[in-house]
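# Chain and residue survey
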Amino acid sequence: MVNVMKHIVMASLNPVKTNAVMQGFQRMFPEESFEITSVNVPSGVSDQPMSDEETLRGAANRSLQASVVVPAADYWVGIEGGVYELENRLHAFAWIVIKADGLLGKSRTATFELPKVIRDLVHNGVELGEADDIVFNRQNSKQTNGAIGILTQDVIDRTSYYEHAVVLALVPFRNRELF
C-alpha cells in the first residue's frame, strides 16, 4: 500500500505554530505522512484579540483564508492567540481551527494568567508578544517560547502548548464516523 502524503496549509509563518501543527498531526495520524505549506493570511480581527469570541473568529478566518489562498490541500489550519479579562486579571490562550472535507475541528489551549505588568501593557494597546519582549528583555519571543515558556521556565514551551490543542481539534477527523 502506497502512503500518499497529506498536504496541510498552515495559516501562519510562525515556526512554533508550524511545528506544533506537524507534531499534532503526526501524533494523531502516525500512519500518515504530511507536508506543510505556511501562508500569511489576515485574521480579520484585532492584532491582539481581547475575548474568547474574537480569538475563535480569528482562527476560523485564518483557516478559511488559507483554503482560499491554497485550495489544493487536505487540511487548512488557523491558530489565533488571544487574551481575556477575568476578575481583573488577564489570561492568555489560543484557538485552533482545522478545516477539511466538510468537517471543522476546533479546540482551545489551556489558559494561564499573565503578570500585572504585561496586563497593563496589553491594556495600553501593546500586543502580547511585544509586551513579553519588553518585560523580559527578549526579541521576537512569540517565535520561540512565548509567554508560556518564559513564565514556566520552559516546563511548557509554546510548541507543546499548541500541540495538545491541535490534537484535540483533530478529534473529528480521527473519528469521522461519529461526526
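Placed above this text is the structure.
In short, a report on the structure. Here the residue numbering is sequential within each chain, running from 1 through the sequence in written order. This being a predicted model, a pLDDT of at least 70 is required before a residue's local features are given, and a value of 80 or more before pairs of side-chain atoms are given or counted; all residues contribute to the totals for chains, interfaces and linings. Calculation of side-chain values draws on the structure's entire complement of heavy atoms; hydrogens and water are dropped beforehand.

## Considering helix 3 (residues 116–123)
Within an α-helix, residues lying three or four positions from one another point in the same direction, as the helix has 3.6 residues per turn. Just so we agree on the cut-off: Whether a residue is buried, partly exposed or exposed follows from its accessible area with a 1.4 Å probe, protein chains only, as a fraction of its type maximum: under 20%, in between, or over 50%, in that order. Elements are defined by DSSP. Helices are runs of H or I of four residues or more, strands are runs of E of two residues or more, and each kind is numbered from the N terminus. Throughout, the arc means that of the directions going from the helix axis to the C-beta atoms. In this analysis, two residues are considered to be in contact whenever any of their non-hydrogen atoms come within 4.5 Å of each other.
Along helix 3, the positions that sit buried rather than exposed are Ile 118, Arg 119, Leu 121 and Val 122. All buried residues of helix 3 lie within an arc of 165 degrees about the axis, which places them on one face of the element. Of the surrounding elements, those touching the buried residues of helix 3 are strand 3 (75–86), strand 4 (89–100) and helix 4 (128–136). Directly after helix 3, the chain includes Gly 125, whose backbone phi takes a positive value near 95 degrees.

## Here we look at the nonpolar core
Spelled out, the test is: In this text, buried Ala, Val, Leu, Ile, Met, Phe, Trp, Tyr and Cys residues form a nonpolar core when linked through side-chain atoms within 4.5 Å.
In this structure, Phe 25, Tyr 75, Val 77, Ile 98 and Leu 114 are the most contacted members of the largest nonpolar core, which totals 44 residues. In terms of residue count, strand 4 provides more of this core than any other element does, 9 residues in total. The contact partners of Phe 25, leaving out residues within four places of it in the chain, are Ile 8, Phe 34, Tyr 75, Val 77, Ile 98, Val 166 and Leu 170. Grouped together as the second largest cluster of nonpolar side chains are 8 residues, Val 39, Val 41, Ala 66 and Trp 76 included.

## Observations regarding the pattern of salt bridges
Pairing is possible between side chains of opposite charge, provided their charged atoms come close. What counts here: Take a side-chain nitrogen of Lys or Arg and a carboxyl oxygen of Asp or Glu: if they are within 4 Å of each other, that pair is a salt bridge.
This model, assessed by the stated rule, comprises 8 salt bridges. For Arg 27, the salt bridge is made with Glu 163, and the minimal N-O distance between the two is 3.0 Å. Here Glu 163 lies in helix 6 (residues 158–169) and Arg 27 lies in helix 1 (residues 15–28), a separation of 136 residues in the sequence. One continuous salt-bridge network, built from bridges that share partners, spans Lys 116, Arg 119 and Asp 120.

## A short note on unusual backbone geometry
Unusually for a residue other than glycine, Glu 87 sits at a positive phi of about 50 degrees. Note on placement: Glu 87 falls in the loop between strand 3 and strand 4. The residue Gln 153 is not glycine, and still its phi comes out positive at about 55 degrees.

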